[in-house]
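Analysis of the macromolecular model
Listed below, chain by chain, are the residues.
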Amino acid sequence: MTAKRKPDSPVHRGRPVIVDRYTPAARANHWLTATCLVLLALSGLALFHPSLYFLTSLFGGGQIARSIHPWIGVVLFVSFVGLFLRFWRANLWVPEDGTWLARLRDVLADHEDKLPEVGRYNAGQKIVFWAMSLLIVVLIGSGLAMWDQYFYDYSSIEQKRLAVLAHAVAAVAMICVWIVHLYAAIWVRGTIRAMTRGSVTGGWAWRHHRKWLRELVTGTRGNRRTGPTPAE
Ligand code: HEM
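All of the points below concern the structure found in this document. What you see is a predicted model, and the numbers here were worked out from it, not measured in a lab.

Procedures and definitions
- Residues numbered from 1 in each chain as written.
- Predicted model: local features only at pLDDT ≥ 70, side-chain atom pairs only at ≥ 80, totals over all residues.
- Heavy atoms only, no water.
- Donors = N, O, S within 2.8 Å, 3.2 Å for Na, K, Ca; no water.
- Tetrahedral: all angles 85-135°; square planar, octahedral: opposite > 155°, others 65-115°.
- Helix = DSSP H or I, 4+ residues; strand = E, 2+ residues; numbered from the N terminus.
- Buried < 20%, exposed > 50% of the residue type's maximum accessible area, 1.4 Å probe, protein only.
- Salt bridge = Lys/Arg side-chain N within 4 Å of Asp/Glu carboxyl O.
- Patch = residues over 30% accessible without salt bridge, like charges linked within 9 Å, V, L, I, M, F, W, Y side chains within 5 Å.
- Areas by Shrake-Rupley, 256 points an atom, 1.4 Å probe, with all protein chains shown as cover.
- Near = heavy atom within 4 Å.
- Polar contact = N/O pair within 3.5 Å; in protein donor to acceptor, adjacent residues only side chain to side chain.
- Nonpolar A, V, L, I, M, F, W, Y, C, P; charged D, E, K, R; others polar.
- Phe/Tyr/Trp six-rings, centres within 6.5 Å; stacked < 30°, edge-to-face > 60°.
- Lys NZ or Arg CZ within 6 Å of the ring centre and 35° of its normal.
- Axes fitted to C-alpha atoms, helices over the stretch in contact; angles between N-to-C directions.
- Left-handed = near helix turned anticlockwise from the far one by under 90°.
- Contact = heavy atoms within 4.5 Å.

**Here we look at the coordination of the iron atom of the ligand**
Around the iron atom of the ligand, the protein contributes the donor atoms H30 (NE2) and H181 (NE2), which lie 2.0 Å from the metal centre. Around the iron atom of the ligand sit 6 donor atoms; with metal-centred angles ranging over 88 to 180 degrees, the donor geometry is octahedral. Residue H30 is located in helix α1 (residues 24–48), and its partner H181 is located in helix α7 (residues 157–187); the two are separated by 151 residues in the primary sequence. Since its relative accessible area comes to 14%, H30 is described here as buried.

**Comments concerning the pattern of salt bridges**
With the rule as written, the count across this model stands at 6 salt bridges. A salt bridge links K126 to D97, with the shortest nitrogen-to-oxygen separation between them at 2.7 Å. Of the two residues, K126 sits in helix α5 (residues 123–146) while D97 sits in helix α3 (residues 95–102), which places them 29 residues apart along the sequence. Each of the two residues, K126 as well as D97, counts as buried. Between D110 and R207 there is a salt bridge, and its shortest N-O distance comes to 2.9 Å. Of the two residues, D110 sits in the loop between α4 (104–108) and α5 while R207 sits in helix α9 (residues 202–208), which places them 97 residues apart along the sequence. The class for D110 is partly exposed, based on a relative accessible area of 45%. What makes R207 partly exposed here is its relative accessible area of 46%.

**Some remarks on a nonpolar patch on the surface**
A surface patch of nonpolar side chains, amounting to about 450 Å² of accessible area, comprises L104, L108, Y183 and W187. Within the residue set of the nonpolar patch, elements represented by two or more residues are α4 and α7. Residue placement: L108 occurs in helix α4.

**Quick notes on the site of the ligand**
Taken together, 24 residues sit near the ligand, with R21, Y22, H30, N91 and H181 positioned nearest. Here Y22 contributes a side-chain N or O atom positioned 2.5 Å from an oxygen atom of the ligand. Between the ligand and Q125 there is a distance of 2.8 Å, counted from an oxygen atom to a side-chain nitrogen or oxygen. Secondary-structure elements contributing two or more residues to the shell around the ligand are α1, α2 (62–87), α5, α7 and α8 (192–196). Taken together, the residues of the shell around the ligand sort by class into 17 nonpolar, 6 polar and 1 charged.

**Remarks on the packing of aromatic side chains**
Applying the stated rule across the entire model yields 12 aromatic pairs. Here W71 and Y150 contribute two aromatic rings whose centre-to-centre distance is 6.0 Å and whose plane-to-plane angle is 75 degrees, an arrangement assigned as edge-to-face. Linking W71 in helix α2 with Y150 in helix α6 (residues 148–151), this pair joins segments that are 79 residues apart in sequence. Look at W71 and you get partly exposed, because its relative accessible area is 46%. Looking at Y150, the relative accessible area reads 43%, which means it is partly exposed. Ring pairing ties together the aromatic residues W71, W147, Y150, F151 and Y154, which thus form one cluster. Over the ring of W206 we find R210; its NZ or CZ atom is 4.0 Å from the centre of that ring.

**Looking at the packing of α2 against α5**
With their axes 11 Å apart at the nearest point, α2 and α5 run at an angle of 150 degrees to one another. By crossing handedness, the relation of α2 to α5 is classed as left-handed. When α2 is examined against α5, the residues G73, V74, L76, F77, F80, L83, F84 and F87 are found in contact with a partner set consisting of F129, W130, M132, S133, I136 and I140. Looking at side-chain class alone, the contact of α2 with α5 contains 12 nonpolar, 2 polar and no charged residues.

**Re the side chain of H69**
The residue H69 is located in helix α2 in this model. Relative accessible area serves as the criterion here: at 17%, H69 is assigned to the buried category. At 3.5 Å, the side chain of H69 and the backbone nitrogen of G44 are in polar contact. Apart from residues no more than four positions distant in its own chain, H69 is found in contact with L40, S43, G44, L47 and H167.

Encoded structure:
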């Protein structure tokens, strides 16, 4: 005689297995950072070229856009430090990442099963993470050097000119990196819910981050037993 399974037992046909990926605090941290970046891009572009000046109307005029842009930058920086502290460890490069990158063609052709199993983040996500980290440091550093209202005396005219150039180049690069991040989040079906609901399906984790799922289920990380890896 076979035992009848209760409808709410963990293995219940027809209902997907759900895996926690982000805590509410991590998601709030992420969406604050994302909101700041959108506002910074809009207010920054508005000040960048006369043809984009019309964007200042979103902020109530040129003066307001100009005065709040650096403050939003400060909030973004502090918020990103929060993300950095949460995720830097999971974004450390491992040898399998080189293989993943070298065989990007297989990833794009949807043949991920031919590649080594991926941990919490793949090589592409890690590159985006470190590029964002570097660019945010350049943006805040050059931004402060240009913020004459408070820091006029801290840099020479030549340094300020260099800062303007570095700020513009880093901002364009940041927008490109952000577009890649956004595209990847939408392109890999089932990823957005990780940041909206905090969880993913077991199928998504098995397909894209199998090593992470194994560690989660077995409570192992590398050769060490560390207990289940919680959502971060
Ligand atoms: C508004 C557009 C954005 C969307 C739709 C979005 C979406 C997502 C999603 C779905 C994830 C989870 C990926 C996964 O767990 O595999 C994620 C992770 C992450 N996002 Fe975003 N994001 C956006 C903007 C940003 C911005 C502007 C930043 C930083 C400046 C950022 C930084 C991060 C970081 C650090 C992670 C953790 C993944 C990692 O460390 O590689 N996101 N995002």
